[in-house]
Amino acid sequence: MTHTAELIAVGTELLLGNIVNSDAQMLSQGLSALGINVYYHTVVGDNPQRLRAAVETAKSRADIIITTGGLGPTCDDLTKNVLADCFGKKLIYNEEAARRIEEYFQRLDRPMTENNYQQAYLPEGCVPFQNDWGTAPGCGFEAEGVRVLMLPGPPSECTPMFHERAVPYLRDLTDGVIVSRSLRIFGMGESAVEALLRDKMNAMQNPTLAPYAKEGEVELRITAKAPDAQTALDLIAPVEKELREQFGPLVYGADVPSLEAVCFGLLKEKGLTLSSAESCTGGLIPKRITDMGGVSAVYKGGVVSYWSEVKHSALGVPQEMLDEYGAVSVPVAQAMAEGVRARMDTDLAVATTGVAGPGPDERGNPVGLVYVALSWDGGTFVRTVHAAGPRSRVRQLAANHAFDLVRRHLMGLPLELE
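Since the structure is predicted, the reported quantities are computational estimates derived from the model, not experimental observations.

Cut-offs used in this document
Residues numbered from 1 in each chain as written. Predicted model: local features only at pLDDT ≥ 70, side-chain atom pairs only at ≥ 80, totals over all residues. Heavy atoms only, no water. Pairing = 2+ DSSP bridges. Helix = DSSP H or I, 4+ residues; strand = E, 2+ residues; numbered from the N terminus. Axes fitted to C-alpha atoms, helices over the stretch in contact; angles between N-to-C directions. Contact = heavy atoms within 4.5 Å. Phe/Tyr/Trp six-rings, centres within 6.5 Å; stacked < 30°, edge-to-face > 60°. Buried < 20%, exposed > 50% of the residue type's maximum accessible area, 1.4 Å probe, protein only. Bend = angle between axes of the 7 residues up to and from the residue. Core = buried A, V, L, I, M, F, W, Y, C linked by side-chain atoms within 4.5 Å.

A. Local environment of the sheet that holds strand S16 (residues 369–376). Within the open sheet, the five strands sit side by side as S14-S13-S15-S16-S17. Their pairing is mixed. In the strand order of this sheet, the two ends are held by strand S14 (299–304) and strand S17 (379–386), each with one partner. On average, each strand axis in the sheet is inclined to that of its neighbour by 15°, with strand direction left out of account. In this structure, strand S15 (residues 348–354) lies alongside S16, joined through seven bridges in antiparallel fashion. By the bridge assignment, Gly354 is partnered in S16 with Val370. Packing of helix H13 (residues 330–344) onto the sheet brings it into contact with strand S13 (274–278), S14, S15, S16 and S17, and relative to S15 it is tilted by some 145°.

B. Examining the sheet that holds strand S6 (residues 127–129) more closely. Read from one edge to the other, the open sheet built from six strands follows the order S2-S1-S3-S8-S7-S6, with strand pairing classed as mixed. Sheet topology places strand S2 (37–44) and S6 at the edges, where each strand pairs with a single neighbour. When the angles between neighbouring strand axes are averaged without regard to direction, this sheet yields 20°. Note: strand S7 (residues 138–143) against strand S8 (residues 146–151), five bridges, orientation antiparallel. What sits directly across from Glu142, in S8, is Arg147. Each of strand S1 (4–10), S2 and strand S3 (64–68) touches helix H3 (residues 48–59); the most contacted strand, S1, lies at about 175° to it. Helix-sheet contacts for helix H4 (residues 79–86) involve S1, S3, S7 and S8, and the interaxial angle to S8 is about 170°.

C. Geometry of the packing of aromatic side chains. Inspection of the entire model under this criterion finds four aromatic pairs. Measuring from centroid to centroid gives 5.7 Å for Phe87 and Phe141, while their planes differ by 75°, and the two rings are edge-to-face. Taken together, the residues Phe87 in the loop between H4 and strand S4 (91–93) and Phe141 in strand S7 connect sequence positions 54 residues apart. Assigned by exposure class, Phe87 and Phe141 land together as buried.

D. Up close: helix H6 (residues 155–171). At Phe162, H6 is deflected by roughly 45°, the largest bend along its length. The complete set of buried residues in H6 reads Glu157, Cys158, Pro160, Met161, Phe162, Arg165, Ala166, Val167, Tyr169 and Leu170. Packing partners of the buried residues in H6 comprise helix H2 (22–33), S3, S6, S7 and S8.

E. Examining the nonpolar core more closely. Ranked by size, the top nonpolar core spans 38 residues in total, and within it Leu274, Ile289, Leu348, Val350, Val370, Leu374 and Val406 carry the most contacts. Residue assignment for this core shows that the elements contributing at least two residues are helix H9 (259–270), helix H10 (284–290), S15, S16, S17 and helix H14 (391–411). Those residues in contact with Val370 that lie beyond four places of it in its chain are Cys280, Thr353, Gly354, Val355, Arg383, Thr384, Val385, Val394 and Ala398. If you look at the next biggest cluster of nonpolar residues, it comprises 23 residues, including Val10, Cys126, Phe141 and Met150.

And the structure:
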């Protein structure tokens, strides 16, 4: 039997944009893994009438309703009251829940105010979800042919409660699992990828294939539904193989977080080091790679050389080269990469110089023109990039090209884009 869930996030702060609804993403991914379809996300403020209307709508189109938020001790925490009323259930004081709330405050050595006890009231006949990560317990119950689950809003509580309490509660409903595998592609836009795969995607039923545009790259998600995870993976495998053959070096990984993460793994595996010299990207390359723990094993450092005189003094770019070709040029990109590699004494070095915007540079080079260089013991390669979009996108795309050159070099792939 196929089940459909609707997620209802409760909280005016979500509607105002003060916080991001990260719970919804986590829950959708978790429910998908259980083989439960999620067709609707609803966000409603701390208003009982509007919450009631949202619940009544959800009852008409889903057999699983999961709410997040509104379980706390304050007057605007109204989820339990509204849900219990919608399904004709009384709220019953739960002694065990009250004891756990008291113990929570004792562990923190903080005084417990009387209003915290309202969190111990739960719908009659429900299955309490013990909260080991906060105070408000969650719960699940069945009424009118609908499974209702209430989870706390803070992600630090909602995430573990879903996985540790709600998943076991829901598992008996599912007749299969949904498994996805994501191929990451760099070097071809989403529209071009979609055009190549349109007929294939329209013909597929299980597994399915869908492209998703990322910042300067494309994710191809293959999704299969089967009785168990291994059977689903067996359905995915031939599709993945075909896509890898079709896109070749453009595929930089499967189920990997980023280009820089792939580069980090390859550098570490091969025992090599990297440095960087930047102009238009302004420190974005070291920022992205040092966001990962342990990267000091492979990344030595970088130079942000925004001014030409810094390119000359810090990186050794010849002044006559800068005068003749300008800062945004192939020779300067090459000299920057070679200069930082020599000064940092690294195996590899990347460099970027270009025009990120908002207007052309003093030599008339257009916005989006970037030269990205890779230097190694044996040569230097410069890739010409024509990036479209706002300044932030040009910079991100230039950094992506730098990491792509590192990846391709370390994997023995052509450095030229096909």
